[in-house]
Amino acid sequence: MGILTSYRLRLQRRRWRLRAQRKARELTAVADRTGKIACDDILLFCTFRNEDVRLPYFLEYYRNLGINHFLMVDNGSEDGGQAFMKDQPDVSLWTTDAGYGDARYGMDWLTYLQGKHAHGHWALTVDVDEFFVYPFCDTRPLRGLADWLDASEVRSFGAMLVDMYPKGPVGQTSYERGADPFEVSNWFDPGNYIISRNPLLQNLWIQGGPRARTFFASKPKQAPALNKIPFVKWQRPYAYVSSTHMMLPRGLNLVYDQQGGEKASGVLLHAKFLNTFADRASHEAARAEHYRDGREYKSYADRHGADPDLWCQWSEKYINWRQLEVLGLMSKGNWA
């Protein structure tokens, strides 16, 4: 990388951080419990809107995994989600009615909070419908992963987003508040993925899965990106560039082995496709606050009326992380 390119990337990172400082004015603290954060706590950062039905299980899952404190931004929810989160003893909550798209799809708000509260901590950044799975997660808490990464002098940990879906039309599922979404949405695509490398930022770019084959078959390059870097040993100068797909400094994007081997990685199980999906897709398509004015949500509505049947003869039923490793969707690398 040339000196000029390096300078431009540093300048871009500085712009993201200055922008986050400005966008912090849009946040109002509802319940600030950050004074309880201990020096070795593992933190979770998330933006949500109208997700009351998902929040109880989301908290349960990540508490069991080993998250010590949740830093959440409520973007103008109109259901009971804010009231529920306000009363949780391990949650710090902010609210804003500002535009999600104008805040880089929520990343400006989280960048500010990460810079203020996550320095020196392992930080997990996810959406409320994303569930982190890593090697040995059934027997080793998240602290075990963090300690191993520290001992290995690794600063960032990659994960592939795997879309989960039911067998049959999505709208016919029955999901109730607080339930495990993978009891009803427990199928996934074991293959059908393409990978390329971003020569500038060095991150991998992964596309495919059920959304690509169902909604973007004629325009595969427009399919959603599935590459994520959700787990990071945070330092104040860090910033996500595009959602959690890539970061600056760009060395954090090297979550894969450059010599042809395998580096430890995880998966984010994506519980988007539940019976709540149709209303959500229609609402977000009209709101046009997501990437490229909600083009993804508009594609859902245009193709299947937001009630697709994603199951096919190649679909595989989810069992555990070892199954995902055998399929090559994640790896334990040299973590034994």
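That block above? That's the structure.
The model shown is predicted, which means the values in this text are computed figures rather than measured ones.

Chemist: What exactly am I supposed to notice about empty space enclosed by the protein here?
Modeler: Where empty space is left can be seen by rolling a probe of water-molecule size over the atoms. Per the counting criterion, the structure on display carries one cavity of 30 Å³ or more. In terms of lining residues, the largest cavity is bounded by Arg54, Tyr57, Phe131, Tyr175, Pro181 and Leu274.

Chemist: Hey, could you run me through the pairing of strand E3 (residues 69–74) in this one?
Modeler: The side chains of a regular strand alternate, residue by residue, between the two faces of the sheet. Burial within E3 is extensive, with six of its six residues counted as buried. Alternating positions in E3 separate into two faces, His69, Leu71 and Val73 on one and Phe70, Met72 and Asp74 on the other, with burial throughout. Relative to E3, strand E2 (residues 43–48) is paired through six bridges, and the arrangement is parallel. What sits directly across from Leu43, in E3, is His69. In this view, the connection linking E2 to its parallel neighbour E3 by way of helix H2 (residues 55–65) has right-handed handedness. Here E3 runs beside strand E4 (residues 91–95); their pairing, made up of five bridges, is parallel. When the sheet's bridge partners are listed, Val73 is paired in E4 with Trp94. Note on the crossover from E3 through helix H3 (residues 81–86) to E4: the handedness is right-handed.

Chemist: Can you walk me through unusual backbone geometry in this structure?
Modeler: Generally, phi is negative for residues other than glycine and the peptide bonds are trans, each holding for most cases. Residues Leu248 and Pro249 are joined by a peptide bond in cis, for which omega reads 0°. Structurally, Pro249 can be placed in the loop between strand E13 (246–248) and strand E14 (266–270). A positive phi angle, close to 55°, is found at Arg104, a residue other than glycine. For Arg104, the location among the structural elements is in the loop between E4 and helix H4 (107–117). Even without being glycine, Glu153 reaches a positive phi, approximately 55°. Positionally, Glu153 belongs in the loop between helix H5 (142–151) and strand E7 (156–163). Under the relative-accessibility criterion, Glu153 is labelled exposed at 72%.

Chemist: Would you mind going over the pairing of strand E10 (residues 204–208) with me for this structure?
Modeler: Pairing between strand E9 (residues 193–197) and E10: five bridges, direction antiparallel. Each residue of the ladder has a partner; that of Ser196, found in E10, is Trp205. Connecting the antiparallel pair E9 and E10 is a turn made up of six residues, with Gln202 showing a positive phi of about 70°.

Chemist: When you look at the sheet that holds E14 in this model, what are you seeing that I'm missing?
Modeler: Sheets are built from strands that pair by backbone hydrogen bonding, the pairs being arranged parallel or antiparallel. Read across the sheet, nine strands follow the order E1-E4-E3-E2-E5-E11-E7-E14-E6 without closing on themselves; strand pairing throughout is mixed. Whereas interior strands pair on both sides, the edge strands pair on one side only; in this sheet they are strand E1 (28–31) and strand E6 (130–133). Sheet twist, expressed as the mean angle between neighbouring strand axes with direction ignored, is 25°. Taken strand by strand, H5 contacts strand E5 (122–125), E6, E7 and strand E11 (227–233), and its axis lies near 80° from that of E11.

Reading the values: the criteria
Residues numbered from 1 in each chain as written. Predicted model: local features only at pLDDT ≥ 70, side-chain atom pairs only at ≥ 80, totals over all residues. Heavy atoms only, no water. 1 Å grid on protein atoms, 1.4 Å probe; cavity = no way out; pocket = protein on both sides within 12 Å on 5 of 7 lines; lining within 4 Å. Points joined across faces, edges and corners; volume = space filled by probe spheres on them. Buried < 20%, exposed > 50% of the residue type's maximum accessible area, 1.4 Å probe, protein only. Helix = DSSP H or I, 4+ residues; strand = E, 2+ residues; numbered from the N terminus. Pairing = 2+ DSSP bridges. Right-handed = clockwise from strand over helix to strand, strands pointing away. Axes fitted to C-alpha atoms, helices over the stretch in contact; angles between N-to-C directions. Contact = heavy atoms within 4.5 Å.

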